[in-house]
Amino acid sequence: MAGFSWYLSEGFQVIIEKSKEAKCSLKDVQLRFLCPDDLEEVRCLCRDWFPIEYPQSWYEDITSSERFFALAAVYKTQIIGLIVAEIKPYLKLNAEDRGILSRWFASKDTLVAYILSLGVVRAYRRSGVATMLLDVLINHLSGPIPQPPHEHRVKAIFLHVLTTNNEAILFYEKRRFKLHSFLPYYYSIKGRCKDGFTYVYYVNGGHAPWGLYDYVKYVARTAWRGGGLYPWLWGKLTALTIAWHR
């Protein structure tokens, strides 16, 4: 990832970078977390970027609550990009989102990250700002060094996106997010119902519910690593025989 400065201060989806000219270099972009003083600036940006009208309480939460990962990209003191994700327990997800992880992860310790918004000011799109913000979120949750209070307990990063937002879909698919489900009439925009998709990026060993093919592949891979299918089956049968006689 390109170099950048980092400093700290006391869902709709990504606005894809359409402009053909980069207006800034990533090395001149600084990253910082949002603070209460950013509320009005962030509200103006979101009103310009997204068709959904967020309540005042939402802006207060993302600029002050620790449960949100709310990161701003700043260029010459101006916020030019923003990513907001909520870290939440998997067991508290809505019914339509419960299937993003295998039931093996149905534990009170399992966390997921939900991307509420990701956007970039029009004049600075196509500069890699959106990618940089997304990379920082992913590295924070799954990097080699555990980051309290999440400590690699986050098993999936997911989002919802309009089915008609082809540029956002392409953006996420290029970054290895996988289509998980279709959500009919998920959005209500200006009184009209719109369909949505759920996209998921798995981290820290998390994975979707397995089908028969996944189990067969797992057994075959495990057997191959063990020296072949026959030795693997023989080992399993021997262990079962010993357990039976005991």
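Residues numbered from 1 in each chain as written. Predicted model: local features only at pLDDT ≥ 70, side-chain atom pairs only at ≥ 80, totals over all residues. Heavy atoms only, no water.

**Regarding unusual backbone geometry**
- With omega at 0°, the peptide bond leading from proline 148 into proline 149 counts as cis.
- One can find proline 149 in the loop between α3 (129-142) and β6 (154-162).
- Notably, lysine 76 is not glycine yet its phi reads approximately 55°, a positive angle.
- Backbone geometry places tyrosine 185, a non-glycine residue, at a positive phi of 55°.
- Position of tyrosine 185 relative to the elements: it lies in strand β7 (residues 178-189). (Helix = DSSP H or I, 4+ residues; strand = E, 2+ residues; numbered from the N terminus.)

**Brief notes about the packing of aromatic side chains**
- This structure, assessed with the given rule, holds 14 aromatic pairs.
- Ring centres 5.5 Å apart and planes at 65° place the aromatic pair tyrosine 75 and tyrosine 124 in the edge-to-face group. In this pair, tyrosine 75 is assigned in strand β3 (residues 68-75) and tyrosine 124 in the loop between β5 (111-120) and α3, connecting sequence segments 49 residues apart. As far as the burial class goes, tyrosine 75 and tyrosine 124 line up, both buried.
- Ring pairing ties together the aromatic residues Trp49, Phe50, Tyr54, Trp58 and Tyr59, which thus form one cluster. (Phe/Tyr/Trp six-rings, centres within 6.5 Å; stacked < 30°, edge-to-face > 60°. Buried < 20%, exposed > 50% of the residue type's maximum accessible area, 1.4 Å probe, protein only.)

**Considerations on the nonpolar core**
- Counting residues in hydrophobic clusters, the biggest one holds 70 residues, and the most contacted among them are Ile80, Ile100, Ile115, Ile157 and Phe177.
- Not counting residues within four places of it along the chain, the set of residues in contact with phenylalanine 177 comprises Ile115, Leu134, Ile138, Ile157, Leu159, Tyr172, Tyr199, Val200 and Tyr201. (Core = buried A, V, L, I, M, F, W, Y, C linked by side-chain atoms within 4.5 Å. Contact = heavy atoms within 4.5 Å.)

**So, the pattern of salt bridges**
- All told, the structure shown has 5 salt bridges when counted by the stated rule.
- Note that arginine 47 is salt-bridged to glutamate 53, the shortest N-O span being 3.3 Å.
- Across the pair glutamate 86 and arginine 67 runs a salt bridge whose closest N-O atoms are separated by 2.9 Å. You can see glutamate 86 sitting in strand β4 (residues 78-89) and its partner arginine 67 sitting in the loop between α2 (56-62) and β3, a full 19 residues away along the chain.
- With relative accessibility at 14%, the residue glutamate 86 sits in the buried group. (Salt bridge = Lys/Arg side-chain N within 4 Å of Asp/Glu carboxyl O.)

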